[in-house]
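Observations on chain architecture
These are the residues of each chain, in order.
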Amino acid sequence: MKTARIFKQYLLITAGCGMYALGFCWCCQPNYLNVGGFTGVAQVLNATFPVLPVGSVTLALNVPLFLLGWKFLGRQALAGSLYAVALSSLMIDGLNLYMDFQPMDPILACLYGGLLYGVAFGVMLRQGATTGGTELAARLLKLKMESLPIGNICLVIDLAVICGYALTFGGVQQALYSVVTLYISTFMMDRVVYGGSAAKMAYIISRRHEDITRELLAQDRGVTLLEGVGAYSGERTEVLLCAFSRSYVIPLKKLVQRIDPDAFVIVCDAHEILGEGFGVYEPGGL
């Protein structure tokens, strides 16, 4: 069972590395879009010294950061990242060696590059791996700034690299396109990383709250009763609080509508839900 889990983990990391390398070689590099992080630094060095391959330079730049990660995150946490950094670097150099990707429309490059990057980063982060650079630095910083989404931390670091790229080469237009790519990748990363934990929650106010509660419990849904008082009528009532997955939104509405068509229902997004039946918080995690 453990072997199957590890095999699945590294299979997903491999897929993430492939998407990352494809996004860089197909969308970003031919269009001179800087992607931030150590890969972005490697782009600058490669533009200055073409003899230096982007993948190999990225791998070399990651060594000091991995030494820090080894100390603060532990050897087990970095095993997947070491594999991801090495494989993604080899894939980038391999694609550049055997494929000649041509520039495309900059908007398409931003959209598809950001999409591939974001999904790749998110998949790898969910498997406890990173491509080093920004993502590993973000995980280290998140140990001190637990409340910040990891995508936002990556965004700040990458913006700094992109600004340095613009100042070095005066490529303001490419830098602006790079920011668009970065925003899309950050958005997609957070959706992949937190999407499985994101859910819905509903507040239900009804005179038939007992019947609604009974039906929800029969469907194995957790319900919390909150005491409420109508500000206008002064009438006391019970407010039902229920957390559930996105797929249960329509069944919940139908259930309440069937029991009490006059019920007052508020459905809102829950960024993350922890506890029985949902996720578990892990210090130092995402």
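A brief look at the structure comes next.

What counts as what
- Per chain, the residues get numbers from 1 upward, laid out in the order the sequence is written.
- With the structure being a predicted model, the display of local features is reserved for residues of pLDDT at least 70 and the display and counting of side-chain atom pairs for 80 or more, all residues being used for whole-chain, interface and lining totals.
- Hydrogens and waters are ignored; side-chain quantities use all the structure's heavy atoms.
- To qualify as a helix, a DSSP run of H or I must reach at least 4 residues; to qualify as a strand, a run of E must reach at least 2; elements of each kind are numbered from the N terminus.
- Burial classes: relative accessible area under 20% of the type maximum marks a residue as buried, over 50% as exposed, and values in between as partly exposed (1.4 Å probe, protein chains only).
- To obtain each axis, a line is fitted to C-alpha atoms, and for helices this fit is confined to the stretch in contact; angles are then taken between N-to-C directions over 0 to 180 degrees.
- Left-handed is the label given to a crossing in which the near helix is rotated counterclockwise from the far helix by less than a right angle, and right-handed is the label when the rotation is clockwise.
- Contacts are residue-level and defined by heavy atoms, with any inter-residue pair within 4.5 Å sufficient.
- Only residues above 30% relative accessible area that lack a salt bridge enter a patch, with like-charged residues linked at up to 9 Å and the nonpolar side chains Val, Leu, Ile, Met, Phe, Trp and Tyr linked at up to 5 Å.
- Method for areas: the Shrake-Rupley scheme with a 1.4 Å probe, in which residue coverage is limited to the protein chains shown.
- Any carboxyl oxygen of Asp or Glu within 4 Å of a side-chain nitrogen of Lys or Arg constitutes a salt bridge here.
- Ring pairs are drawn from Phe, Tyr and Trp, using the six-membered ring of Trp, whenever the two centres fall within 6.5 Å, and their geometry is named by plane angle: stacked under 30 degrees, edge-to-face over 60, tilted for the rest.
- Identification of polar contacts relies on pairs of N or O atoms within 3.5 Å, with a donor-acceptor requirement for protein atoms, meaning one able to donate a hydrogen and the other able to accept it, and with residues adjacent in sequence counted only if both atoms are side-chain atoms.

Attention shifts here to unusual backbone geometry. At Tyr32, a position not held by glycine, the phi torsion is positive, near 55°. Mapped onto the fold, Tyr32 is located in the loop between helix H1 (2–28) and helix H2 (37–48). Even without being a glycine, Asp220 presents a positive backbone phi close to 65°. Inspection of the secondary structure assignment puts Asp220 in the loop between helix H9 (209–218) and strand S2 (224–229). Look at Asp220 and you get exposed, because its relative accessible area is 71%.

Within the element layout of this structure, Ser178 appears in helix H8 (residues 172–195). Of the residues examined, Ser178 reaches a relative accessible area of 1% and is grouped as buried.

At a closest axis distance of 10 Å, the pairing of H9 and helix H10 (residues 249–259) adopts a crossing angle of 145°. Between H9 and H10 lies a crossing of right-handed hand. Contacts between H9 and H10 involve Asp211, Ile212, Glu215 and Leu216 from the first element and Leu252, Leu255, Val256, Arg258 and Ile259 from the second.

Nonpolar side chains collect at one region of the surface, where Leu22, Trp26, Ile107, Leu108, Leu111, Tyr112 and Leu115 lie side by side and expose about 600 Å² of accessible area between them. Of all the secondary-structure elements, those providing two or more residues to the nonpolar patch are H1 and helix H5 (106–126). Top element by residues in the nonpolar patch is H5. It accounts for five residues. Note on placement: Leu22 falls in helix H1. Residue Leu22 is classed as partly exposed on the basis of its relative accessible area of 32%.

Moving on, we get to the packing of aromatic side chains. In this structure the tally under the stated criterion is five aromatic pairs. Taking 5.1 Å as the distance between ring centres and 75° as the angle between the ring planes, the aromatic pair formed by Tyr10 and Tyr83 counts as edge-to-face. Pair noted here: Tyr10 is in helix H1 and Tyr83 is in helix H4 (residues 75–98), with a separation of 73 residues, a long-range link. For Tyr10, a relative accessible area of 24% puts it in the partly exposed group. Relative accessible area serves as the criterion here: at 31%, Tyr83 is assigned to the partly exposed category. With a centroid separation of 6.2 Å and 45° between ring planes, the pair formed by Trp26 and Tyr112 is classed as tilted. With Trp26 in helix H1 and Tyr112 in helix H5, the pair connects residues that are 86 residues apart, well separated along the chain. Site record: aromatic cluster; members linked through ring pairs are Tyr20, Tyr117 and Phe121.

What follows covers the pattern of salt bridges. The tally for this structure, following the rule as stated, stands at four salt bridges. Glu235 serves as the salt-bridge partner of Arg207, at 3.8 Å between the closest nitrogen and oxygen. Of this pair, Arg207 sits in the loop between strand S1 (199–205) and H9 while Glu235 sits in the loop between S2 and strand S3 (236–244), placing them 28 residues apart in sequence. Look at Glu235 and you get partly exposed, because its relative accessible area is 39%. One salt bridge connects Asp211 with Arg214, and the closest N-O pair in it is separated by 2.9 Å. Note that Asp211 and Arg214 are positioned in helix H9 at a spacing of three residues, about one turn of the helix. By relative accessible area, Asp211 is classed as partly exposed at 25%. On the accessibility criterion, Arg214 (52% relative accessible area) is exposed.

We now examine the side chain of Asn31. Within the secondary structure, Asn31 sits in the loop between H1 and H2. In this structure Asn31 comes out as buried when scored by relative accessible area, which is 9%. Separated by 2.9 Å, the side chain of Asn31 and the backbone oxygen of Cys27 make a polar contact. Not counting residues within four places of it along the chain, the set of residues in contact with Asn31 comprises Trp26, Pro103, Met104, Pro106, Ala109 and Gln174.

These results come straight from atomic positions and should not be treated as a statement about function.
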